[in-house]
Amino acid sequence: MRIALLTHRHSRKGAVVASALAARGIGPALIVCEQPQIAPATARLRALILERGARALTDKLLSRLGASSRAEPPQSSASGSMLDAAGWAEQHAIALLDLPDLISAASLDRLRSEAIDLMIHAGAGILRAPLLGIPRLGVLNAHMGVLPRYRGMNVAEWAAWEKGPLGATLHWIDPGIDTGRIIRIVPVARQGISTIAALRKAVDEAQTAALADLVAQMVASDQAPSVEPQRREDGRQYFTMHPQIARLLEQRLAQSA
């Protein structure tokens with residue numbers, strides 16, 4: 001089975017997913033690196049203020065300082081430097097395909113020429129319908145929330161905040177946001193989780209292991225797994241958690257651990 005990861009050059013997630021596959025004896029044929037589209041700083045700042053108000057910049061800076069103090073050490077290469085998708089591909093002699101985007105006709109034609117059976121979302125951006133039809137089996141994703149209930153951003157945190165089910169979902173990507181056919185729900189126990197960083201680590205490790213196991217099963221059978229369709233009305237779309245709510249969640253997790 002010819003497998004491609006969709007990511008970008010500096011994505012740690014791309015390296016983590018590739019490593020999980022390699023641990024199960026599966027080597028991707030190709031790592032596709034999309035060029036990130038970054039808006040000018042002034043445009044990003046304006047959008048942030050419009051979304052969250054005048055205190056948005058202060059909140060964002062405080063949030064980043066808190067996140068940096070809690071950050072897990074990055075996965076490293078043999079030389080001790082940070083390992084990203086491009087570095088992993090170089091170490092393991094995997095073909096790396098740099099594309100300016102995943103929507104232009106030229107990029108899509110280039111991907112079609114690779115005769116890919118399965119694509120895995122591993123740090124790329126939002127995927128559009130024309131790309132989704134290229135691989136023979138489809139495009140897999142691991143989502144850090146239980147679908148269809150928790151769609152969108154920071155869903156591990158929102159589930160913990162609402163005392164809802166914690167877990168991840170393996171699903172096929174469709175043109176919606178986290179609305180594709182569900183393959184598997186991966187529950188995560190909340191015992192011992194005392195910080196947001198620990199919460200995200202637990203969910204991410206569970207989803208990565210389950211994704212790699214699923215791909216191993218697909219490679220062995222050369223078949224797509226059974227699925228359960230979603231209805232759009234069965235879930236909600238969540239957005240980035242405000243730093244003030246995140247601080248309250250940190251306190252709640254610390255008290256409940």
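Residues numbered from 1 in each chain as written. Predicted model: local features only at pLDDT ≥ 70, side-chain atom pairs only at ≥ 80, totals over all residues. Heavy atoms only, no water.

**Thoughts on the overall build of the protein**
The criterion, for reference: The helix count covers DSSP runs of H or I at least four residues long, the strand count covers runs of E at least two residues long, and both are numbered beginning at the N terminus. Residue burial is assigned from relative accessible area. The probe radius is 1.4 Å, only protein chains are included, and a residue is buried under 20% of its type maximum, exposed over 50%, and partly exposed in between. Residues count as neighbours in contact if any of their non-hydrogen atoms are within 4.5 Å of one another.
Scanning the protein for helices and strands turns up nine helices and nine strands. The buried share of the protein, taken over its 257 residues, is 43%. For the protein, contacts bridging at least 24 residues in sequence account for 72% of all contacts bridging at least 6.

**Some words on the packing of aromatic side chains**
Threshold: Whether two aromatic rings pair depends on their centres lying within 6.5 Å, for rings of Phe, Tyr and Trp, where Trp uses its six-membered ring; planes under 30 degrees apart make the pair stacked, over 60 edge-to-face, and the rest tilted.
In the structure shown here, the tally under the stated rule is two aromatic pairs. For the ring pair Tyr150 and Tyr238, a centre distance of 5.2 Å and an interplane angle of 35° mean the geometry is tilted. Within this pair, whereas Tyr150 is found in strand S6 (residues 150–152), its partner Tyr238 is found in strand S9 (residues 236–238), the two being separated by 88 residues in sequence. Like Tyr238, Tyr150 is buried. With 5.9 Å between their ring centres and 40° between their planes, Trp158 and Tyr238 make a pair best called tilted. Placement of Trp158 in helix H7 (residues 155–161) and of Tyr238 in strand S9 is noted, with a sequence separation of 80 residues between them. Each of the two residues, Trp158 as well as Tyr238, counts as buried.

**Description of the sheet that holds strand S2 (residues 30–34)**
Stated precisely, the cut-off is as follows: We treat two strands as partners when DSSP finds at least two bridges between them. To get an axis, a line is fitted to the C-alpha atoms, and for a helix only the part in contact is used. The angle between two axes follows their N-to-C directions and goes from 0 to 180 degrees.
Spatially, seven strands are ordered S3-S2-S1-S4-S5-S7-S8 in an open sheet, and the strand pairing comes out mixed. Both outer strands of the open sheet, strand S3 (95–99) and strand S8 (182–187), are each paired with one neighbouring strand and no more. Within the sheet, the average angular offset between the axes of one strand and its neighbour, ignoring direction, is 20°. By the bridge criterion, four bridges tie strand S1 (residues 3–7) to strand S4 (residues 118–121) in an arrangement that is parallel. Within S4, the position partnered with Ala4 by the bridge is Met119. Running over the sheet, helix H5 (residues 105–112) touches S2, S3 and S4 and is turned about 160° from S3.

**Points about the environment of Trp172**
Counting through the fold element by element, Trp172 comes out in strand S7 (residues 167–172). By relative accessible area, Trp172 is classed as buried at 3%. Counting along the chain gives 57 residues from Trp172 to Pro229, while the straight-line C-alpha distance between them is 9.9 Å. Beyond its immediate stretch of four places on either side in the chain, Trp172 contacts Leu118, Leu137, Gly138, Val139, Leu140, Gly180, Arg181, Ile183, Met218, Ala224, Pro225 and Val227.

**Structural notes on the environment of Glu250**
Along the chain, the position of Glu250 falls in helix H9 (residues 243–256). With a relative accessible area of 15%, Glu250 lands in the buried category. C-alpha of Glu250 to C-alpha of Thr195: the two residues are 55 residues apart in sequence and 5.5 Å apart in space.

**Let's talk about unusual backbone geometry**
Cis geometry is adopted by the peptide bond preceding Pro148, which originates at Leu147 and carries an omega value of 5°. The residue Pro148 is located in the loop between strand S5 (138–143) and S6 in this model. Backbone geometry at Ala115 places phi at a positive 50°, although glycine is not the residue there. Within the secondary structure, Ala115 sits in the loop between H5 and S4. Residue classification places Ala115 among the exposed positions, given a relative accessible area of 53%. Although it is not a glycine, Asp222 sits at a positive phi angle of roughly 55°. In this structure Asp222 comes out as partly exposed when scored by relative accessible area, which is 41%.

**As for the pairing of S7**
Taken across its six residues, S7 has six buried, putting it largely inside the fold. Of the two faces of S7, the one holding Gly167, Thr169 and His171 and the one holding Ala168, Leu170 and Trp172 are both buried throughout. One ladder, built from four bridges, connects S5 with S7; its direction is antiparallel. Residue pairing in the sheet places Asn141 in a bridge with His171 of S7. Pairing of S7 with S8 involves five bridges; the strand directions are antiparallel. Each residue of the ladder has a partner; that of Thr169, found in S8, is Ile185.

**Here's the deal with helix H8 (residues 196–221)**
Applied cut-off: Multiplying 1.5 Å by the residue count of a helix minus one yields the expected span of that helix.
Taking 1.5 Å as the rise per residue, H8 with 26 residues should run 38 Å; its terminal C-alpha atoms sit 38 Å apart, in good agreement. Of the residues making up H8, those classed as buried are Ile196, Leu199, Val203, Gln207, Thr208, Ala210, Leu211, Ala212, Leu214, Val215 and Met218. Just downstream of H8, Asp222 is the residue with a positive phi angle, here 55°.

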